Amino acid sequence: MQLLKDAILERGSVKNGDVLKVDAFLNHQMDIPLINEMGKAFQEYFKNQHITKILTIESSGIGIACIAAQYFNVPVVFAKKSESRNLDGAVYTSRVTSFTRQRNYDVMVSKKFLAADDRVLIIDDFLARGSALLGLIDIIRQSGATIVGAGICIEKAYDDGGSKVRGLGIKVHSLAKIEYMDENRIVFAD
Ligand code: 5GP
């Protein structure tokens, strides 16, 4: 998506070699007209798939998921990060390794909000090594719902997350794919 690529080039920056900062338009300050176009692009790609729910992970996926959800006209559920596993059986949980913070945490979704007859689209801001996405996939599988696919704003195509998830037969649609980046240069895959 050209608008997003332009925003990355003009307003993004690379820190520590491997962290793309997009907090000028996506995950701190939010550029709503741009995010709105991203939401429409996900709807255009996944329309006619009878999606009943959008699932994302807190906190940086929530904004884009909510805007996309207006086009699908479905609720958003976000997986919550929790320090300890809830053992009362009322939640689905999965363990995720944070890319940016380099630590493990559990994410959970209440069983009230995902059911076997749901058709779920996952939306997230980044796909890198795939841990966040695989955690959400695990949660959907526990619920028995159908995974329609994943809409990702920015995929680091040089990392292995995309091939891990596509290797499971899950459709991943990324609006910008980064083939290479360092502090001076960002190269897109297509
Ligand atoms: P993964 O689990 O695929 O390794 O990483 C995805 C998660 O880590 C995303 O939910 C995102 O919040 C965060 N993330 C991964 N890479 C980056 C990055 O380069 N910049 C930012 N801002 N977040 C990232």
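Residues numbered from 1 in each chain as written. Predicted model: local features only at pLDDT ≥ 70, side-chain atom pairs only at ≥ 80, totals over all residues. Heavy atoms only, no water.

*Asks:* Looking at this structure, I do not really get the pairing of strand β6 (residues 104-110). What am I missing?
*Replies:* Remark: a regular strand shows side chains that alternate across the two faces of the sheet. With five of seven residues buried, β6 lies mostly within the body of the structure. Pairing between strand β4 (residues 76-82) and β6: three bridges, direction antiparallel. Bridging from a neighbouring strand, Ser82 pairs with Asp106 of β6. Where strand β5 (residues 91-97) meets β6, seven bridges bridge the pair, whose relative direction is antiparallel. Bridge assignment links Val91 to a residue of β6, and that residue is Ser110. Hairpin connection, β5 to β6: the antiparallel pair is bridged by six residues, and Gln102 has positive phi, about 55 degrees. (Buried < 20%, exposed > 50% of the residue type's maximum accessible area, 1.4 Å probe, protein only. Helix = DSSP H or I, 4+ residues; strand = E, 2+ residues; numbered from the N terminus. Pairing = 2+ DSSP bridges.)

*Asks:* Sorry if this is basic, but what is going on with helix α3 (residues 62-72) here?
*Replies:* Think of an α-helix as 3.6 residues a turn; residues three or four steps apart then line up on the same face. Within α3, burial applies to Gly63, Ile64, Ala65, Ile67, Ala68, Ala69 and Phe72. Considering only its buried residues, α3 is in contact with α2 (32-46), β3 (53-57), β4, β7 (119-127) and β8 (146-156). Backbone geometry just after α3 places Asn73 at a positive phi near 60 degrees. (Contact = heavy atoms within 4.5 Å.)

Everything listed is a geometric property; what it means functionally is a separate question.
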